[in-house]
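# A structural walkthrough
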Amino acid sequence: MEPLFINDIRQTKEMYIEMNKAYSSASQIAYKIAVPLVYGFLAFVLIYFYYNFIGAAIVAAAGVLLFFYPLIKLHRVAKKREKQIVELYGSELEGQTLFYDDHLVSTGFNDKSEVKIEYGKIIKVRQSRNLYLLIMKQKLVVMVDKNRFEKGSCEEFEQFIKEKATNAKIRL
């Protein structure tokens, strides 16, 4: 059987960062709203009720650090993952995903792995600037690079995945 879409992927540090940003976007937005509100309120209370400017400055500084902590951690984890993969395989992970009528097959060139996935197992479909994320249970993600379709196009793929992943919450 001939695949309807063929997509190549190279998992770089930048791709990993982009995937994690898109994957956890809702929780990041909530965090980025809650941290400034809570720490700003605490700093205001320290200044307004207790006239404690040093304490307020410390609380505000802690709020700023906590605001940027997820982004810093994401970059550190991505860099560490890239080093581990290069150490293990000698290069970045490369693979190809073949989309058939009733399933997809994701293969890894570095480790010769192959995974067959039915579209019904996809529970979410999200997109970022360069990726489509096909998310399954247990936080398993298949990345599809928008810029590396060997067969098919982004527009055709979006229509195709909407038809096939009927159980999925799709945000494109």
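Look up a bit, the structure's there.
Before going further, it helps to examine the overall build of the protein. Within the protein one finds four helices and nine strands. Ordered by position from N to C terminus, the α and β elements of the protein give β-α-α-α-β-β-β-β-β-β-β-α-β. Computed over the C-alpha atoms, the radius of gyration of the protein is 21 Å, more than 25% above the 16 Å expected from 2.2 N^0.38 for a compact globule of 172 residues. Considering only C-alpha atoms, the protein reaches an extent of 75 × 40 × 25 Å along its principal axes. Out of the 172 residues belonging to the protein, those deemed buried represent 35%. Taking contacts inside the protein between residues at least 6 apart in sequence as the whole, the part at least 24 apart equals 56%. Total accessible area computed for the protein in this model is approximately 11,000 Å², and 58% of it derives from carbon and sulfur atoms. Positive and negative charge centroids in the protein, built from 25 and 19 side chains respectively, lie 12 Å apart.

Calculation criteria
Residues numbered from 1 in each chain as written. Predicted model: local features only at pLDDT ≥ 70, side-chain atom pairs only at ≥ 80, totals over all residues. Heavy atoms only, no water. Helix = DSSP H or I, 4+ residues; strand = E, 2+ residues; numbered from the N terminus. Rg over C-alpha atoms; globule rule 2.2 N^0.38 Å. Buried < 20%, exposed > 50% of the residue type's maximum accessible area, 1.4 Å probe, protein only. Contact = heavy atoms within 4.5 Å. Areas by Shrake-Rupley, 256 points an atom, 1.4 Å probe, with all protein chains shown as cover. Lys, Arg positive; Asp, Glu negative; His and termini not counted. Charge placed at Lys NZ, Arg CZ, Asp CG, Glu CD.

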